[in-house]
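# Commentary on secondary and tertiary structure
Spelled out from the first residue to the last, the chains are:
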Amino acid sequence: FKSKHFIIVNKPYDLLMYNYGQMVTKEPTLYNYLREKFPFYYDPRLLGGFHVLHRLDTITSGCVCVPLNYFSQRLAVEAFESNLVKKSYLALVHG
């Protein structure tokens, strides 16, 4: 999903969000995907080049919200901090 304020991407299982510290690797990352698909919104001053509101562990799949500008990022952070955003988690277990 993409609007003029946000990109929502579905991060698959087993994909790193970004390379950092001792976890630098040549493996694909969500940030590399975003940089390739949305180069206009890449900002080298930011960690990974994008405003990302939250992150998911590598072994977790799910939606990641990426604000496309500082204004959208501030409004979204305030919504998260004020509990206006409701998160839900669903675990599927087999075996």
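Refer to the structure printed above.
Residues numbered from 1 in each chain as written. Predicted model: local features only at pLDDT ≥ 70, side-chain atom pairs only at ≥ 80, totals over all residues. Heavy atoms only, no water.

### Examining helix H2 (residues 70-81)
For clarity, the cut-off: Helix and strand definitions follow DSSP, with helices as H or I runs of at least four residues and strands as E runs of at least two, each counted in order from the N terminus. The span you would expect from a helix comes to 1.5 Å times its residue count less one. Each residue's exposure class comes from its accessible area (1.4 Å probe, protein chains only) as a fraction of the maximum for that residue type: buried when under 20%, exposed when over 50%, partly exposed otherwise. To obtain the arc, one takes the directions from the helix axis to the C-beta atoms. Working rule for contacts: check all heavy atoms of both residues, and any pair within 4.5 Å makes them a contact.
For H2, built from 12 residues, the straight-helix expectation of 16 Å at 1.5 Å per residue is met to within 8% by its first-to-last C-alpha distance of 16 Å. Of the residues making up H2, those classed as buried are Ser72, Gln73, Ala76, Val77 and Ala79. Within H2, the buried residues cover an arc of 160° as seen down the axis, which keeps them to one side. Looking at H2, the residues exposed on the side facing more than 90 degrees away from the buried face are Tyr70, Phe71 and Glu81. Looking at the packing, one finds that the buried side of H2 touches strand S1 (6-11) and strand S2 (62-67). Of the residues flanking the end of H2, it is Asn83, one or two places downstream, whose phi is positive at about 60°.

### Points about the nonpolar core
Note the following rule: To define a nonpolar core, start from buried Ala, Val, Leu, Ile, Met, Phe, Trp, Tyr and Cys residues and group those joined through side-chain atoms within 4.5 Å.
Counting 14 residues, the largest nonpolar core has Ile7, Val9, Met17, Leu30, Leu34, Val64 and Val66 as its most contacted members. For this core, the secondary-structure elements that each account for two or more residues are S1, helix H1 (30-37) and S2. If you tally residues by element for this core, the top one is H1, at three residues. When neighbours within four sequence positions are excluded, Leu30 is seen to be in contact with Val9, Leu15, Leu16, Met17 and Val64.

### Quick word on H1
Of the residues making up H1, those classed as buried are Leu30, Tyr31 and Leu34. Buried residues of H1 fall within an arc of 100° about the axis and therefore sit on the same side. Looking at the packing, one finds that the buried side of H1 touches S1 and S2.

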